[in-house]
Amino acid sequence: MTPEQLITVGIIASAVVQAIKIVWVGLLKKSKPDKVAFMIVALVISVPVAYVWHGAIVLPDPGTDLGAYAQALALAAAEVFAASYVVYAALLEKLLAGFDLLLFKGRALLAP
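Residues numbered from 1 in each chain as written. Predicted model: local features only at pLDDT ≥ 70, side-chain atom pairs only at ≥ 80, totals over all residues. Heavy atoms only, no water.

> How should the overall build of the protein be read in this particular structure?
Helix and strand content of the protein: three helices and zero strands. Along the chain direction, N to C, the helices and strands of the protein fall in the order α-α-α. In the protein, which comprises 112 residues, the proportion classed as buried is 22%. A fraction of 70% describes how many contacts in the protein between residues 6 or more apart in sequence connect residues 24 or more apart. Here the protein has roughly 7300 Å² of accessible surface; of this, 70% comes from carbon and sulfur atoms. (Helix = DSSP H or I, 4+ residues; strand = E, 2+ residues; numbered from the N terminus. Buried < 20%, exposed > 50% of the residue type's maximum accessible area, 1.4 Å probe, protein only. Contact = heavy atoms within 4.5 Å. Areas by Shrake-Rupley, 256 points an atom, 1.4 Å probe, with all protein chains shown as cover.)

Listed below in structure tokens is the structure:
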């Protein structure tokens, strides 16, 4: 990821942490969500972000060759989901850090 993309992920994570604190902790009066909830939120956010950063996906006409269309669609989806993992990992680490949680005990996920 480029530095600009990492900054964007950090801004998104800050906004999501504040929204969770306002809604979950403030309005619903519940304690911190568990790690699974953060994982789901990170997944739901990371896929559209990766799709936007991936760029335009040009697919063949499904009317001419349905097999080529299905293959191109599956390949494009695989590329987007592969790119979303990097966004997911960075976003999840920032979300958990916002609530003083760690994904792995003793070290951060993106630490060298």
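> For this particular structure, what's the right way to read the side chain of S46?
Summarising the element assignment, S46 is placed in helix α2 (residues 35-54). Given the relative accessible area of 0%, S46 is considered buried. Separated by 3.2 Å, the side chain of S46 and the backbone oxygen of L43 make a polar contact. Every residue in contact with S46, bar those within four places of it in the chain, is listed here: S84, V87, Y88 and L91. (Polar contact = N/O pair within 3.5 Å; in protein donor to acceptor, adjacent residues only side chain to side chain.)

> Looking at this structure, how should I read the packing of aromatic side chains?
Aromatic ring pairs are described here by two measures, namely the spacing of the ring centres and the angle between the planes. Tallied over the entire structure, the rule returns one aromatic pair. When the ring of Y85 is compared with that of Y88, the centres are 6.3 Å apart and the planes differ by 35°; the resulting orientation is tilted. Highlighted residues: Y85 and Y88, both in helix α3 (residues 66-98), separated by three residues, approximately one helical turn. On the accessibility criterion, Y88 (18% relative accessible area) is buried. (Phe/Tyr/Trp six-rings, centres within 6.5 Å; stacked < 30°, edge-to-face > 60°.)

> For this particular structure, what's the right way to read the nonpolar core?
Considering soluble globular proteins, one finds that nonpolar side chains tend to be buried as a cluster. If you look at the biggest cluster of nonpolar residues, it comprises 17 residues, and the most contacted ones within it are F38, A42, L91, L92 and L95. Of all the elements in the fold, those that place two or more residues in this core are α1 (3-27), α2 and α3. Of the residues forming this core, the biggest block, seven residues, is contributed by α3. Ignoring any residue separated from it by four or fewer positions in sequence, one finds L95 in contact with A13, V16, V17, F38, V41 and A42. (Core = buried A, V, L, I, M, F, W, Y, C linked by side-chain atoms within 4.5 Å.)

These figures come from the coordinates and say nothing about function on their own.
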